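Each chain is listed here by its residues.
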Amino acid sequence: MTSKRIITALTAVALSSMLLAGCTTTNGPTPTPSTASPSPTATAPAAITGEAPKDEDEAIDKAKATIDLLLATQAQISAAGGTDASGYEAVATGKTLKEFQEDALRISKGPILNVDGDSIEGQSKVEGSLVFEPKTAYGQEYEGVENGLVIVPGCLDGSQRKITTADGKPAMANPKPRNEVEFHVIYNAETKTWLVNDRISLGTTC
Amino acid sequence: MATAPAQAAGGVYCNDLSVCYLTISVPSDPAPNPDSNGWTPGAPTCYYENSESGLLQLGWTADEIRVFDGGTYQRFYAIIDCGSSTSYWSNVRQCYVFMKDGVWPARPPGYSPEAGYYGCIMFNPSPGGSPGLGQETQFWSETVPPGLKVLTPGRAAAQLIATFQLRGVDIGMAPQVNPAWGHRRSYVGIPVWLWVENPQPLTWGPYTETATLGGQTITATAQVTGIRWNMGDGREVVCGSTGTAYSVGYGLSDSPTCGHRYDRTSQNQPGDRYTVTATSQWSVTWTSLSGASGTVNLTTSSSTQLEINEIQSVNVKPTTPNG
């Protein structure tokens, strides 16, 4: 693969664009509030489970709770150093699972740009969590399940997630910490579990 | 594997071994900068993400594959056909996006009537792309997704309505135009009758057109809901109907539907004439095949001149509202 063009990204840019926006829902059941102080040790989160949704309202409640749980899980995993990302598997799948696992890897090993713009290898410290403010939500059929996919547009606020790089300096902050995103939450009929499977960045701030 | 350089300028990164790299993030859609998609300046480029082996297996060559190197992980992208103005690839959604045909579901709370309903369909990946296969999802968006040249129902309706040749009413009035004088003349205290002369679809309605614009089939119907008569003496009369045409049988009575009496002459007006303006209040309702609907309010106007004199006290010829 030597002829392949290699393009390297700034880690802070990547981090901020991919995961520095996270948020907390205010509606629906919240097994683990994402604004709560995370435990220093990552623990396996309870998944959002149940029978297929009876209607759109139930699906939306479950979807919002799943997003809350994902962000709370991220806060826990990050606070624990990002070394154990297995907790994400109970609450995320597909592209979202991959992105959040990458976030954990970055927290645990770096590199992350510090406030001076230096790329720092090694484990970072993380406090706080992303906050998600849903704007609306709607369901649709997904793999034969009515309302098995819920799309939740809203504002993802990364301003409360504070990262300290391995050199002890604050990480470079995203200058635009509040961004409009669209979470996609699906119902897995086999495992009867709700999972976040996509997060679309809409390219606008909020 | 290249590590992230410490410094950046102008999107080009150079490490201390004099090896430079382009600065990128994961490819985004062109908006808000229509000249760049986050990877390459200039015309937007469409990228399909897959594993490296997946892309090779699907037919792309190594030279065609782009790598996003996140430092601790990599992502692999291949350039694909962006599609057309009615079905365009979205880098962030990784699917071809198109405006949905047919009846749309109820708009979720939080979206304005301008929002559109779009489909997002995965494709049978190959270097050329093949939209139309695979799982489809749908989403609402306030803005038309990048690359699409479609109109939301509201925009399409506005464009259709803008083509309507609506015009002001043909003014019916007693007094009528006196051929000898070449204008209308009446007197202080004499009833002035106001009506719409020969109402037509383009002056009173209903006027209906159907057209397909930007992928939306819109039917719009225009109808006047009322006329605001500015009598030129500082007063206005609002009438919700076409009014009643005067005939001599009515004598000196007031119009039962729409009329006015002047209490001073027009001698202080330019040219000794009051300008009477009839402003039509149009309500244009539209519906689209998607189920969206709305109302647009418009006005048109027309005017006429009217001389108002005082009746002299001696040997006055009997008069009527018709002058």
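Residues numbered from 1 in each chain as written. Chains lettered and ligands numbered in written order. Predicted model: local features only at pLDDT ≥ 70, side-chain atom pairs only at ≥ 80, totals over all residues. Heavy atoms only, no water.

Now for the overall build of chain A. The secondary structure content of chain A amounts to 3 helices and 11 strands. Shown N-terminal to C-terminal, the secondary structure of chain A runs as helices and strands in the order β-α-β-α-α-β-β-β-β-β-β-β-β-β. Relative to its 206 residues, chain A shows a buried fraction of 54%. A separation threshold of at least 6 residues defines the contact pool for chain A, and within that pool the share at least 24 residues apart is 68%. A total of about 8200 Å² of accessible surface is found on chain A, and carbon and sulfur atoms cover 50% of it. (Helix = DSSP H or I, 4+ residues; strand = E, 2+ residues; numbered from the N terminus. Buried < 20%, exposed > 50% of the residue type's maximum accessible area, 1.4 Å probe, protein only. Contact = heavy atoms within 4.5 Å. Areas by Shrake-Rupley, 256 points an atom, 1.4 Å probe, with all protein chains shown as cover.)

A word on the side chain of Ser288(B). Residues and elements named next belong to chain B. Within the secondary structure layout, serine 288 lies in strand β19 (residues 274-288). Look at serine 288 and you get buried, because its relative accessible area is 9%. The contacts of serine 288, once residues within four sequence positions are left out, are Pro153, Gln216, Thr217 and Ile218.

Let's shift gears to unusual backbone geometry. All names here are of chain B. Residue proline 175 is reached from alanine 174 by a cis peptide bond, and omega for that bond is 20 degrees. Within the fold, proline 175 resides in the loop between β11 (170-174) and β12 (177-178). Cis geometry is found at the peptide bond from glycine 205 to proline 206, where omega equals -5 degrees. Of note, proline 206 is situated in the loop between β14 (191-197) and β15 (207-213).

Structurally, the position occupied by Gln138(B) is in strand β10 (residues 131-141). Of the residues examined, Gln138(B) reaches a relative accessible area of 15% and is grouped as buried. The sequence separation of Gln138(B) and Val97(B) amounts to 41 residues, and the corresponding C-alpha distance is 9.0 Å. Discounting chain neighbours no more than four positions away, the residues touching Gln138(B) are Tyr138(A), Gln140(A), Ile151(A), Lys100(B), Tyr117(B), Tyr118(B) and Gly119(B). A polar atom in the side chain of Gln138(B) sits 3.0 Å from the side chain of Glu136(B). (Polar contact = N/O pair within 3.5 Å; in protein donor to acceptor, adjacent residues only side chain to side chain.)

Attention shifts here to a negative patch on the surface. Residues and elements named next belong to chain A. Together, Asp55, Glu56, Asp57 and Asp61 make up a negatively charged patch on the protein surface. Mapped onto the fold, aspartate 61 is located in helix α2 (residues 56-79). Looking at aspartate 61, the relative accessible area reads 36%, which means it is partly exposed. (Patch = residues over 30% accessible without salt bridge, like charges linked within 9 Å, V, L, I, M, F, W, Y side chains within 5 Å. Salt bridge = Lys/Arg side-chain N within 4 Å of Asp/Glu carboxyl O. Lys, Arg positive; Asp, Glu negative; His and termini not counted. Charge placed at Lys NZ, Arg CZ, Asp CG, Glu CD.)

All names here are of chain B. This prediction gives chain B a mean pLDDT of 83; 79% of its residues lie at or above 70. For chain B, the element scoring lowest by mean pLDDT is strand β1 (residues 12-14), at 30; β14 scores highest, at 98. Predicted confidence is poor over residues 32-42, with pLDDT under 50, and the contacts of this stretch with residues over four places away or in other chains come to 32 contacts. Taken together, the chains of this predicted complex give a pTM of 0.72 and an interface ipTM of 0.78. (pLDDT = per-residue confidence, 0-100.)

What follows concerns the pattern of salt bridges. Where charged atoms from two side chains of opposite charge come close, those side chains can pair. Applying the stated rule across the entire model yields 20 salt bridges over all chains. Ionic pairing is found between Glu133(A) and Arg178(A), a salt bridge with its closest N-O pair at 2.9 Å. Here the residue Glu133(A) occupies a position in strand β6 (residues 131-134), and Arg178(A) occupies one in strand β10 (residues 178-188), the gap between them amounting to 45 residues. Two residues, Arg264(B) and Asp263(B), come together in a salt bridge whose shortest N-O distance is 3.6 Å. Relative accessible area serves as the criterion here: at 46%, Arg264(B) is assigned to the partly exposed category.

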